[in-house]
Amino acid sequence: MQPRTPAPSETDMRDIISEHLQLEGALLPILHALQEVYGHIPEAATPLIADALNISRAEVHGVISFYHDFREVPAGRHVVKICRAEACQAMGATPLAEAALARLGVEWHGTTRNGAVTIEPVYCLGLCACGPAAMVDGKVLGRVDETRMEKLLAEAGA
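Worth saying up front: this structure is predicted, and the values here are computed from it rather than measured.

Undergrad: Describe the pairing of strand β1 (residues 78-83), naming the residues involved and giving the relevant values.
TA: For β1, a buried count of six out of six residues is recorded, marking the element as mostly surrounded by other parts of the structure. Burial of β1 is two-sided: the residues His 78, Val 80 and Ile 82 facing one way and the residues Val 79, Lys 81 and Cys 83 facing the other way are all buried. For β1 and strand β2 (residues 117-122), the ladder comprises six bridges, and the chain directions are parallel. In the sheet register, Cys 83 faces β2, and the bridge partner there is Val 122. As paired strands, β1 and strand β3 (residues 134-136) are joined by three bridges and run antiparallel to one another. Within β3, the position partnered with Val 80 by the bridge is Val 136.

Undergrad: Quick rundown of the pattern of salt bridges? Include the residues and the values.
TA: Scanning the entire structure with this criterion turns up five salt bridges. Among the ionic pairs, Arg 71 bridges to Glu 120, the shortest N-O distance being 3.1 Å. Of this pair, Arg 71 sits in the loop between α4 (57-66) and β1 while Glu 120 is found in strand β2, placing the two residues 49 residues apart along the sequence. The salt bridge partner of Lys 81 is Glu 120, with a shortest N-O separation of 3.8 Å. Taken together, the positions of Lys 81 in strand β1 and Glu 120 in strand β2 put the pair 39 residues apart, joining distant regions of the chain. For Lys 81, a relative accessible area of 15% translates into the label buried. Residues joined in a network through salt bridges with shared partners are Asp 69, Arg 71, Lys 81 and Glu 120.

Undergrad: Requested: an account of the packing of aromatic side chains, with residues and values cited.
TA: Counting across every chain of the model gives two aromatic pairs. The interplanar angle of 90° and the centroid separation of 4.9 Å between the aromatic rings of Phe 66 and Tyr 67 together place this pair among those described as edge-to-face. Judged by relative accessible area, Phe 66 falls into the exposed class, the value being 58%. Judged by relative accessible area, Tyr 67 falls into the partly exposed class, the value being 37%. An aromatic cluster is defined as three or more aromatic residues linked by ring pairs; in this entry it consists of Phe 66, Tyr 67 and Phe 70.

Undergrad: Got a sec to walk through the state of the cysteines? Specific residues and values, please.
TA: In the structure shown here, the tally under the stated rule is zero disulfides. Note on Cys 88: no disulfide assigned, nearest cysteine sulfur contributed by Cys 83 at a separation of 3.5 Å. Cys 130 forms no disulfide, and the closest cysteine sulfur to it belongs to Cys 88, at a distance of 9.2 Å.

Undergrad: For the nonpolar core, give the residues involved together with the corresponding values.
TA: In terms of nonpolar packing, the biggest core is built from 19 residues, with Val 80, Ile 82, Val 117, Ile 119, Val 144, Met 149 and Leu 153 touching the most fellow members. Residue assignment for this core shows that the elements contributing at least two residues are β1, α6 (93-104), β2, β3 and α7 (146-155). Contact partners of Val 80, with chain neighbours within four places excluded, come to Val 117, Thr 118, Ile 119, Glu 120, Met 135, Val 136, Met 149 and Leu 153. In terms of nonpolar packing, the next biggest core, distinct from the first, is built from 18 residues, Ile 16, Ala 33, Leu 48 and Val 60 among them.

Undergrad: A description of the layout of surface pockets should follow, citing residues and the corresponding values.
TA: Of the volumes computed, that of the second largest pocket is approximately 270 Å³. Counting only elements with at least two residues in the lining of the second largest pocket, the list comes to α4 and β2. Partitioned by chemical class, the residues of the lining of the second largest pocket number six nonpolar, six polar and three charged.

The rules behind the values
Residues numbered from 1 in each chain as written. Predicted model: local features only at pLDDT ≥ 70, side-chain atom pairs only at ≥ 80, totals over all residues. Heavy atoms only, no water. Buried < 20%, exposed > 50% of the residue type's maximum accessible area, 1.4 Å probe, protein only. Helix = DSSP H or I, 4+ residues; strand = E, 2+ residues; numbered from the N terminus. Pairing = 2+ DSSP bridges. Salt bridge = Lys/Arg side-chain N within 4 Å of Asp/Glu carboxyl O. Phe/Tyr/Trp six-rings, centres within 6.5 Å; stacked < 30°, edge-to-face > 60°. Disulfide = S-S within 2.5 Å. Core = buried A, V, L, I, M, F, W, Y, C linked by side-chain atoms within 4.5 Å. Contact = heavy atoms within 4.5 Å. 1 Å grid on protein atoms, 1.4 Å probe; cavity = no way out; pocket = protein on both sides within 12 Å on 5 of 7 lines; lining within 4 Å. Points joined across faces, edges and corners; volume = space filled by probe spheres on them. Nonpolar A, V, L, I, M, F, W, Y, C, P; charged D, E, K, R; others polar.

Written as structure tokens, this is what we have:
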């Protein structure tokens, strides 16, 4: 289960940013630190980061939107990732993903209405011989079929 996170305050975000300013290439460590604390990158952090690093807001947003692991909105209490790489596709990941998305009633990167599950695509979990693979709250699982996925989603409260 994902931890509950505090509401972003400007003072706290500035403190997080300043803790990482001395690092070379500080943008990514700042973004990771903010996401670690809040579970996403708060929109209000973008201008603070831009000012602190003397870069444009567009540059900050570009980095956030480029990397798939950064979120601009909080994730659900549980995060389910389904491998979309070729080896898993060959073992049935596409119908597995389609069934999971239909079951949850969301698109990729969506969160169920009750906030229980966010579902995301991932491109290789390193279990190519055990596909299709999935990750639930950081735990990697192999040989996930529709029945097992249904059980995982039910356990997550979806």
